[in-house]
Amino acid sequence: MRNSGRPAAVLASAAALAALCGCTVQPTDADGKARAPLHIQTPESVPQTPESLPTDPTRTAQPSLSAPAPASAPRVLWSRGDSGPAVRELQARLRQLDWLSEGPTGSYGELTEQGVRGFQGKRGLPQTGRTDTVTWQRLVAMTHAPGTWELYLMGGQPAGPPDPRCLTGRVLCIDKTTRTLRWMVDGRTVTTTAVRFGTQYTPTREGVFHIYWKARNWVSTLYHSPMPYAMFFSRGQAVHYSYDFAARGYAGGSHGCVNVRDQAAIQQLFAQVRVGDKVVVHW
């Protein structure tokens, strides 16, 4: 007679042996269908990786000496919203490479940001639109130090001290050195604006003059160019608004007149200056 308990004992022994050896047991469900293998591992068969080892609370993790240190991002020098002389120089250098069309203003706005982004993209730098140390070094290497009238191409330069002849009465005090016009009353500066003068072959005369005629809308009879808000002071030479100065800045010159590029400023000046007021043109 067969012992029905022996197969069960054999199977139990085999299962125990399998458990000890870390083998795979293929269990079945209640219907006799095979289920996913069950992997049984003894403690000796578990790989002793650093993660599986007991943690020693007295030990601290040490960085690998062979791992490279993370590279830090270059420092941002100027970005949108900044202003000042350094931004003006940045803009002048961008103009040298045709990455900025407007004259330096000293204010980091949308056009400056676009110019920086374009320069960065052309040189394979991250196109952030912000001027960081790497962008600035590359720009400096490709340009020359801008001169005074590159920095103040569209005006904005500070005025120099007034000529002593400007300190009494009502005076248009015009300084060729700083290219500025002061409107002064009894030694007090009322307004200051940038101006442009004649070229080498048509220079603006220097000396003391007086306004002898004003014309709100005038066209030059010699050059057929418009001269709005003209205030004549010396044989056809006048202080007036200039469309060319407004567009090109100091890249151009007049035929001897004193050009003003700020239309609002010349409108106010025209309203205040009278025929007979003094004009001093000096270096």
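Everything numeric in this text was worked out from a predicted model, so none of it was measured.

Burial within strand β11 (residues 237-241) is extensive, with five of its five residues counted as buried. The side-chain alternation of β11 yields two buried faces, one formed by Q237, V239 and Y241 and the other by A238 and H240. Direction of pairing for strand β10 (residues 230-234) relative to β11: antiparallel, over a ladder of three bridges. Within the sheet, the bridge partner assigned to F232 lies in β11 and is A238. Linkage of β10 to β11, two consecutive antiparallel strands, is achieved through a turn of two residues, within which R235 is found at a positive phi near 40 degrees. Examined bridge by bridge, β11 and strand β12 (residues 258-260) share three bridges and lie parallel to one another. Within β12, the residue paired with H240 across the bridge is N259. Once the chain exits β11 it traverses helix α6 (residues 243-248) before rejoining the sheet at β12, and the crossover so formed is right-handed.

Taken as a whole and judged by the stated rule, the model has ten aromatic pairs. Here the aromatic rings of W78 and W136 are separated by 5.0 Å at their centres, their planes lie at 85 degrees, and the arrangement is edge-to-face. Pair noted here: W78 is in strand β3 (residues 76-78) and W136 is in helix α4 (residues 133-142), with a separation of 58 residues, a long-range link. Its relative accessible area of 17% is what places W78 among the buried residues. When its relative accessible area of 17% is taken as the criterion, W136 is described as buried. Seen from their ring centres, Y212 and F232 are 6.2 Å apart, and the 45 degrees between their planes marks the pair as tilted. Taken together, the positions of Y212 in the loop between β8 (207-210) and β9 (213-215) and F232 in strand β10 put the pair 20 residues apart, joining distant regions of the chain.

The next subject is the packing of helix α3 (residues 110-122) against α4. Between α3 and α4, whose axes approach to 11 Å, the crossing angle comes to 85 degrees. When the axis of α3 is compared with that of α4, the two are roughly perpendicular. Facing α3, whose interface residues are V116, F119 and Q120, α4 presents T135, R138, L139 and M142. Split by residue class, the contact of α3 with α4 holds four nonpolar, two polar and one charged.

This paragraph deals with the pattern of salt bridges. The full count for this structure, using the stated rule, is eight salt bridges. Two residues, E113 and R117, come together in a salt bridge whose shortest N-O distance is 3.7 Å. Of the two residues, E113 and R117 are both situated in helix α3; the distance of four residues between them amounts to about one turn of the helix. When the shortest N-O distance is used, the salt bridge between D163 and R165 registers 2.9 Å. Look at D163 and you get buried, because its relative accessible area is 12%. One continuous salt-bridge network, built from bridges that share partners, spans R80, E113 and R117.

This paragraph deals with the state of the cysteines. Applying the stated criterion across every chain yields a total of one disulfide. Residue C166 pairs covalently with C173 via a disulfide, S to S 2.1 Å. Judged by the sign of its S-S torsion, about 80 degrees, the cystine formed by C166 and C173 is right-handed. Each member of the pair, C166 as well as C173, is classed as buried.

Attention shifts here to the sheet that holds β11. One open sheet holds the nine strands; their spatial order is β8-β13-β5-β6-β7-β12-β11-β10-β9, and the pairing between them is mixed. The open sheet terminates on both sides in strands that have one partner only, identified here as β8 and β9. Across the sheet, the axes of successive neighbouring strands diverge by a mean angle of 25 degrees, strand direction being ignored. Across two bridges, the pairing between strand β7 (residues 188-196) and β12 is antiparallel. Its bridge partner lying in β12, V195 is registered against V260.

Moving on to the confidence of the model for the chain. In the predicted model, the chain carries a mean pLDDT of 83, and the fraction of residues at 70 or more is 75%. Taken as a whole, residues 1-65 scores under 50 in pLDDT and shows 31 contacts with residues more than four places along the chain or in a different chain.

Procedures and definitions
Residues numbered from 1 in each chain as written. Predicted model: local features only at pLDDT ≥ 70, side-chain atom pairs only at ≥ 80, totals over all residues. Heavy atoms only, no water. Buried < 20%, exposed > 50% of the residue type's maximum accessible area, 1.4 Å probe, protein only. Helix = DSSP H or I, 4+ residues; strand = E, 2+ residues; numbered from the N terminus. Pairing = 2+ DSSP bridges. Right-handed = clockwise from strand over helix to strand, strands pointing away. Phe/Tyr/Trp six-rings, centres within 6.5 Å; stacked < 30°, edge-to-face > 60°. Axes fitted to C-alpha atoms, helices over the stretch in contact; angles between N-to-C directions. Parallel < 35°, antiparallel > 145°, perpendicular 65-115°, else oblique. Contact = heavy atoms within 4.5 Å. Nonpolar A, V, L, I, M, F, W, Y, C, P; charged D, E, K, R; others polar. Salt bridge = Lys/Arg side-chain N within 4 Å of Asp/Glu carboxyl O. Disulfide = S-S within 2.5 Å. pLDDT = per-residue confidence, 0-100.

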